[in-house]
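If you want the building blocks of each chain, they are given just below.
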Amino acid sequence: MAFFDEPFDMLAPPEGRVEGVAKVTGKGKYAAEYEVPDVCYAVLVDSSIASGTIKNINLQNAKQVAGVIDIITHQHKPLVPGLADETKIKESRFGLPVFHTDKIYFKGQPIAMVIAETLEDATYAASLVTADYDATPFKVDFEKEHPLNQLANAGKDRGSLDAWSNLPHIVEASYNIKAEVHNPMEMHATIAHWISNDQLKLFDKNQGVNNVQRSFARLFNIPEKNIEVFSEFVGGGFGSGLRVWPGALAAVMAAKQVNRPVKLMLTRPQMFHSVGYRPASWQKVKMGADNEGNITGVWHQAKNGTSVYESFGEGITRVTRLIYKFPNLKTESAIVPLNLSTPTWMRGPGDCTGDFAIESAIDELSYKIGMDPVQLRLKNLALDKNPDSGLPWSTNYIHECIEKGASLINWSQRKTKPGQIEDRDWSTGYGMAVGMWNAGRGNASAGIEMRKDGSITVQTAMTDIGTGTGTGMYNIAHEITGIPKSKIKIELGNSTLPPAPSQGGSTGLSSVSGAVVAVCNALKLKLAEYAATVNEKYKGATAADIWLSDNGVSLKTTGNELVSYSQIWTKNNLTVIDLEASSGPGEERKQYAFCSSAAHFCKVRVNTKTGKLKVEKLVCVADGGKIVNEKAAANQMSGAAVGGIGMALMEEQVADEHLGGLVGNDLAGYHFAVNADAPIIEVAFIGKPDVNINPTGAKGLGEVGIIGVAAAISNAIYNATGKRLRDLPITPDKILDFS
């Protein structure tokens, strides 16, 4: 199935996303929606304790349910070669060895899987499965446990702590952030189908089909080419789809066991403990500046939660080493093992968490010095080079983001002293913060198929998780070739297509765009070669000399040497032109540092009687290089900013320290930002290409849209109320706490 499936002669150039029609009409299939003949259904049974060992699993009642085909447990399962023994389990680095251990690491861990003819039968039978355990003490309270874990150096020190111990302005504070959950609209699901003993087909919700392909090739010791993974449409990921989780492996095992296609879709409560989350964190920042506002020293400590069976470090202090030219810097970190499932990357991972502490501390320092927060940041930015690596920035326009954002929010209306703008029970305040992300790029390939009518299909295995990658490819192909958009089609999200990295870390379009440019230029050269058999003037033509239209090839230098596609196809006896090209980072990575950045400005109103808070206005200005698709880019930024509102004001996943489970693990109990919580977010771009990062000059935007938003909101709350709130989320009770 193509990414969008309408025939060319019926397709009007889309006004937004190339996959828009397929999504709104239901033609676009998500992982659980594919129709596979003879499919049966699997449902996971979760552990009811948080730590211990399984003594016995009681299956008798479940087996009596009509339609039950089989029940998998750690005692009854198919062979997974990559998890065959303890040594291979460790070498696999898969994480939770689902159905390969009798140990319980967290409440909700799968202990059994019922496979039945219908979902209803599987669900009912799963409810009848019980287990006996030897329970052991567990630890789920991050706040109680983190003081027991020792810090270690995280990155190379700059200068020393003693060099700034006597500065006139020093702030020191601790910051706490509760765990947050991705909660994409689409639940994680897998349909697994073993075509033969060593050939597997998967319809799977993920952010990288080639990663899934590689993972299962290793686990089952079969060639990668024997595994086909479909992930054409994804209903949000936010990082939850960047690794292969136990649920996908369970589905593959089930299909192997019953020798039939098996569909497994997680429930919403299972999403909370089965596919990662942003871990709870503690940070301490000490920061000092002189009377002129030169921030001379920073000491940043951070800890985050992880599971007892897998180590996950978020890299919280990384952003501290990136934005500002701190001459003296020390960063330390630690992980805190808990009887919870393993966390994972969540939008702006690590940097989003660390930026809240640093940008809050800088704001606090600005009041202590008596200096405008905008000016304090502008004074200390590292605009010339990456302060950690020493490499010059290829481009870095974060100062322009700040200046433009200040203008758009009318920063001049902000009062220098907190609590000065009042309207009866409401106080208004302004806050700002900045964010930055290392702009990466991976190796990627793209293909083009061209037909006699001049239509092309651009292909890549990369999955579009809703970021607009498909539309970006579409726009780039049109810009490079000149072929009308009505004759361009996109195919992606299938492992049989040219390989590409996973969609995450703001590297998607930055990686695949170079491949699209490369294959478009390859097409122009190939057409010039064929056109030379009709007109000798095309001999030796470069890609830059060629322009393609809806009906033929032209030379830009003359403009009137058109050779029609019909002539080319007839003369060269062609059916279809099929090309593939690759692109990736090179020597420029040794010569330059690359970054995307953003400035976030916020205006809030706080009710001093009820603690109610309203984000009145939010401005986000980003330096993401060239903006290939402005509508999708703006959607990326505004969506990320709404996530930042949730982080700041409402999101917290709580664990029950008495029972070990999660509290409020559904969409009623876990609160996140909705339309009513957010204003119309004003997004702007600097829009200057980075000519060194890739052929298009696009740097990536997915992360910087959220990095800094929470700090901007908390800083605005201080400006409105005079209360410095350092623990997220900032709920009404914290605003009203007068202790």
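See above for the structure.
Residues numbered from 1 in each chain as written. Predicted model: local features only at pLDDT ≥ 70, side-chain atom pairs only at ≥ 80, totals over all residues. Heavy atoms only, no water.

Some details on a nonpolar patch on the surface
On the surface, Leu667, Phe672 and Val674 cluster together into a nonpolar patch covering about 230 Å² of accessible area. Relative to the assigned elements, Val674 resides in the loop between strand S28 (662-663) and strand S29 (682-685). Overall, Val674 belongs to the partly exposed group, its relative accessible area being 41%. (Patch = residues over 30% accessible without salt bridge, like charges linked within 9 Å, V, L, I, M, F, W, Y side chains within 5 Å. Areas by Shrake-Rupley, 256 points an atom, 1.4 Å probe, with all protein chains shown as cover. Salt bridge = Lys/Arg side-chain N within 4 Å of Asp/Glu carboxyl O. Helix = DSSP H or I, 4+ residues; strand = E, 2+ residues; numbered from the N terminus. Buried < 20%, exposed > 50% of the residue type's maximum accessible area, 1.4 Å probe, protein only.)

Here we look at the pairing of strand S3 (residues 68-72)
Judged by how many residues are buried, S3 sits mostly within the fold: four of five residues are covered. Sheet topology note: the S3/strand S5 (residues 110-116) ladder contains four bridges and is antiparallel. When the sheet's bridge partners are listed, Ile71 is paired in S5 with Val114. (Pairing = 2+ DSSP bridges.)

A short note on the packing of aromatic side chains
Within this structure, the stated rule accounts for 18 aromatic pairs. Taking the centre distance of 4.8 Å and the plane angle of 75° together, the rings of Tyr367 and Tyr718 count as edge-to-face. Taken as a pair, Tyr367 in helix H9 (residues 351-369) and Tyr718 in helix H17 (residues 709-721) lie far apart in primary sequence, 351 residues in all. A relative accessible area of 17% means that Tyr718 is categorised as buried. Note on Trp411 and Tyr430: the rings are 6.5 Å apart at their centroids and 85° apart in plane angle, and the pair reads as edge-to-face. Highlighted residues: Trp411 in the loop between helix H11 (398-408) and strand S16 (421-423) and Tyr430 in strand S17 (residues 426-438), separated in sequence by 19 residues. Note on accessibility: Trp411 and Tyr430 belong to one class, buried. Here a set of aromatic residues connected by ring pairs shows up, and it is made of Tyr34, Phe203 and Phe230. The cationic tip of Lys303 hangs over the ring face of Trp282; the distance from NZ or CZ to the ring centre is 5.3 Å. One residue, Arg724, lies across the ring of Tyr718, its end atom 4.0 Å from the ring centre. (Phe/Tyr/Trp six-rings, centres within 6.5 Å; stacked < 30°, edge-to-face > 60°. Lys NZ or Arg CZ within 6 Å of the ring centre and 35° of its normal.)

Topic: the nonpolar core
Counting 87 residues, the largest nonpolar core has Met287, Ile295, Ile323, Phe601, Leu618, Leu649 and Ile713 as its most contacted members. Ignoring any residue separated from it by four or fewer positions in sequence, one finds Leu649 in contact with Leu613, Val615, Ile713, Ile717, Pro729, Ile730 and Thr731. Within the second largest apolar cluster, 45 residues are counted, among which are Leu492, Val516, Tyr538 and Val553. (Core = buried A, V, L, I, M, F, W, Y, C linked by side-chain atoms within 4.5 Å. Contact = heavy atoms within 4.5 Å.)

Looking at the sheet that holds strand S4 (residues 103-104)
Spatially, three strands are ordered S4-S2-S6 in an open sheet, and the strand pairing comes out antiparallel. Whereas interior strands pair on both sides, the edge strands pair on one side only; in this sheet they are S4 and strand S6 (130-135). For strand S2 (residues 52-58) and S4, the ladder comprises two bridges, and the chain directions are antiparallel. Residue Thr53 lies in a different strand from S4, and its bridge partner there is Lys103.

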